[in-house]
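Structure at a glance
Next come the chains, spelled out residue by residue.
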Amino acid sequence: MNNFQKGMFDKINQKSNISPDEIYKVADSVKHADFSDEKTVRELIQRLSRLANKPVSKEKEDKIVEAIVKNKVPMNSQTMNNLFDK
């Protein structure tokens, strides 16, 4: 791991208390995931929510799942932030 990666993982760990090992496990689990499958997407959202200790309401989860499954994920950061903030 280079210094940039170490620094990035340290910041993630400080802000969210998620270890690099947990990040790698999630990344590995989504490599071949079917993002058109609602169940798969819901499980991933719930897993990430638990890891980050950030609850996601049912309404917000439904919106995120719909956007991902229907391939309507916003491509700019402002629209993405609005999706998660609602």
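Above this note sits the structure.
Before going into details, it helps to say that this report is about the structure given with it.

Reading guide: rules and limits
Sequence positions are assigned chain by chain, starting from 1 and proceeding in written order. Residue-level local features of this predicted model are given only where pLDDT is at least 70; pairs of side-chain atoms are given and counted only at 80 or more, and the full residue set underlies all totals for whole chains, interfaces and linings. Neither water nor hydrogens contribute to the side-chain values; these are computed over all heavy atoms in the structure. For the purposes of this entry, the term helix denotes a DSSP run of H or I that reaches at least four residues, the term strand denotes a run of E that reaches at least two, and both are numbered from the N terminus. Three labels apply to residues, based on accessible area from a 1.4 Å probe with only protein chains included: buried if under 20% of the type maximum, exposed if over 50%, partly exposed otherwise in between. N or O atoms within 3.5 Å of each other form a polar contact, as long as, within protein, one can give a hydrogen and the other can take it, and as long as residues adjacent in sequence are counted only when both atoms are side-chain atoms. Two residues qualify as a contact provided that any one of their heavy atoms is within 4.5 Å of a heavy atom in the partner residue. A helix is expected to span 1.5 Å multiplied by its residue count minus one. The arc in question is the one traced by the directions running from the helix axis out to the C-beta atoms.

Our focus in this paragraph is the side chain of E61. Tracing the chain through its elements places E61 in helix α4 (residues 58–69). Of the residues examined, E61 reaches a relative accessible area of 8% and is grouped as buried. Side chain to side chain, E61 and Q46 meet in a polar contact 3.2 Å long. Ignoring sequence-local partners within four residues, the contact set of E61 consists of R42, I45, Q46 and V56.

One non-glycine residue, N53, lies in the positive phi region at around 55 degrees. Position of N53 among the secondary structure elements: in the loop between α3 (38–52) and α4.

Helix length check: α3 (15 residues) gives 21 Å between terminal C-alpha atoms against 21 Å at 1.5 Å per residue, within 8%. Along α3, the residues classified as buried are V41, R42, L44, I45, S49 and A52. The buried residues of α3 all sit within an arc of 160 degrees when viewed along its axis, so they share a single face. Facing away from the buried surface of α3 by more than 90 degrees, the exposed residues are K39 and R50.

On to the side chain of R42, then. One can find R42 in helix α3. Of note is the side chain of R42, whose polar atom sits 2.9 Å from the side chain of D62. Those residues in contact with R42 that sit more than four places away from it in its chain are K58, E61, D62 and V65.

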